[in-house]
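Structure assessment
Below are the chains, spelled out letter by letter.
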Amino acid sequence: MLAPVAEWLTDARVAVLSGAGISTASGIPDYRDSNGVRRGRAPMMFQEFVSAISARKRYWARSMRGWPTVAAANPNAAHRSLADLQAHGKLAGVITQNVDGLHSAAGSPDVVDLHGNLHRVRCLDCAGTFSRADIQTRLEAQNPDLRDIEVVLAPDGDAQVAAEFLEGFVLPLCPRCSGERLKPDVVFFGENVAANDATAAMARVQAADALLVVGSSLMAFSAFRLCQAAHRAGKPIFAINHGKTRADELIALKIDIPCERALPLLCNLVT
Ligand SMILES: [Zn+2]
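Residues numbered from 1 in each chain as written. Predicted model: local features only at pLDDT ≥ 70, side-chain atom pairs only at ≥ 80, totals over all residues. Heavy atoms only, no water.

How large an interface is tends to be reported as the accessible area lost when its parts come together. Once the domains are mapped, the protein shows domain 1 (1–28 + 75–115 + 192–271) and domain 2 (38–72 + 118–186). A separation of 29 Å is found between the C-alpha centroids of domain 1 and domain 2. Counting residues at the interface gives six residues for domain 1, matched by seven residues for domain 2. Each partner contributes to the roughly 500 Å² buried at the junction of domain 1 and domain 2, and carbon and sulfur atoms together form 60% of this total. Of all residues in domain 1, Ile28, Val99 and Asp100 bury the most surface against domain 2, accounting for 70% of the area lost on that side. (Domains from an automatic or database assignment. Contact = heavy atoms within 4.5 Å. Buried area = accessible area lost by both parts, 1.4 Å probe.)

This brings us to the coordination of the zinc ion. Protein coordination of the zinc ion is provided by Cys123 (SG), Cys126 (SG), Cys174 (SG) and Cys177 (SG), with donor distances spanning 2.3 Å. For the zinc ion, the four donor atoms are set out with angles of 107 to 115° between them, so the coordination reads as tetrahedral. For cysteine 126, a relative accessible area of 22% translates into the label partly exposed. On the basis of relative accessibility, which here comes to 34%, the residue cysteine 177 falls in the partly exposed class. (Donors = N, O, S within 2.8 Å, 3.2 Å for Na, K, Ca; no water. Tetrahedral: all angles 85-135°; square planar, octahedral: opposite > 155°, others 65-115°. Buried < 20%, exposed > 50% of the residue type's maximum accessible area, 1.4 Å probe, protein only.)

For the rest of this paragraph, the subject is the pattern of salt bridges. Any two side chains of opposite charge can pair, given that their charged atoms come close. For the coordinates displayed, the defined rule picks out nine salt bridges. Across the pair glutamate 180 and arginine 56 runs a salt bridge whose closest N-O atoms are separated by 2.9 Å. With glutamate 180 in the loop between strand S7 (158–160) and strand S8 (182–186) and arginine 56 in helix H3 (residues 53–72), this pair connects stretches of sequence that are 124 residues apart. When the shortest N-O distance is used, the salt bridge between aspartate 185 and arginine 120 registers 2.9 Å. Note that aspartate 185 is positioned in strand S8 and arginine 120 in strand S4 (residues 116–123), a separation of 65 residues in sequence. The class for arginine 120 is partly exposed, based on a relative accessible area of 35%. Salt bridges sharing common partners tie together Arg120, Arg122 and Asp185. (Salt bridge = Lys/Arg side-chain N within 4 Å of Asp/Glu carboxyl O. Helix = DSSP H or I, 4+ residues; strand = E, 2+ residues; numbered from the N terminus.)

Spatially, S3-S2-S1-S9-S10-S11 is the arrangement adopted by the six strands of the open sheet, whose pairing is parallel. Looking at the sheet topology across the chains shown, the edges are occupied by strand S3 (112–113) and strand S11 (253–255). Pairing analysis gives two bridges linking strand S2 (residues 91–96) to S3, with the strands arranged parallel. For threonine 96, the partnering residue across the bridge sits in S3 and is aspartate 113. Contacting strand S1 (14–18) and S2, helix H4 (residues 77–87) crosses the sheet at an angle of about 145° to S2. Relative to the sheet, helix H7 (residues 195–207) contacts S1, S2, S3 and strand S9 (210–214), its axis offset from that of S2 by approximately 145°. (Pairing = 2+ DSSP bridges. Axes fitted to C-alpha atoms, helices over the stretch in contact; angles between N-to-C directions.)

Attention now moves to the pairing of S2. For S2, a buried count of five out of six residues is recorded, marking the element as mostly surrounded by other parts of the structure. Where S1 lies against S2, four bridges are found, and the strand directions are parallel. Pairing of serine 18 across the sheet is with threonine 96, part of S2.

Below, the structure is given as structure tokens:
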């Protein structure tokens with residue numbers, strides 16, 4: 001079943017586009033079921049985050065408890081196999097919709113983080129950037145009551161925190177300008193993908209001869225449009241994915257094997 005993909009894995013002709021499904025084996029929850037339907041609460045909207053202090057408090061309170069899971073997560077066999085394929089010159093690069101930084105942690109060079117990276121925090125007022133780990137230290141020092149309550153983990157470094165704990169939550173301030181509009185350096189719903197990331201992702205698809213989608217339902221337009229571009233250019237699209245995707249009609253071959261099993265097999269076939 002993997003042989004048709006293996007045939008393309010020579011001379012760095014295949015670009016990879018990954019989504020949440022590649023990180024579930026690292027303990028990071030996925031946010032769509034196999035029909036591509038979103039689970040859980042509505043995501044934070046960019047406009048709300050920017051304009052309402054209550055939204056920022058809610059985000060950072062939840063993030064304070066969700067972040068440690070992302071920070072402690074390790075790359076799994078799927079991330080490692082892709083890095084291995086790259087080290088052997090078999091891939092044209094990795095584009096990811098994930099914000100967990102696990103491709104880079106596995107050793108993949110020059111990853112295009114299409115939706116940003118949770119390991120960075122940006123100030124909306126002075127544009128300073130800070131390490132998320134440093135902001136976490138501040139969050140925990142300012143909000144000791146929140147440290148030990150029970151929470152349910154959610155995707156993207158989020159966790160469900162009961163409303164009663166949001167009241168007294170103390171927002172982290174910008175270490176540089178003391179503003180209180182710190183934002184994780186990730187793309188929220190209602191916000192555009194950074195132009196340089198969108199351009200870099202498209203350039204990577206254009207430079208490749210085929211596209212391999214791993215663990216993504218391709219519901220986000222920023223990812224779907226890359227498949228449209230590949231398809232328009234007559235390049236085959238392969239997918240290692242469980243369940244429906246938005247690009248099913250464009251995909252030449254779909255492999256329904258968990259990616260942490262499929263990618264090591266593929267790696268063994270070609271290295
Ligand atoms: Zn600032």
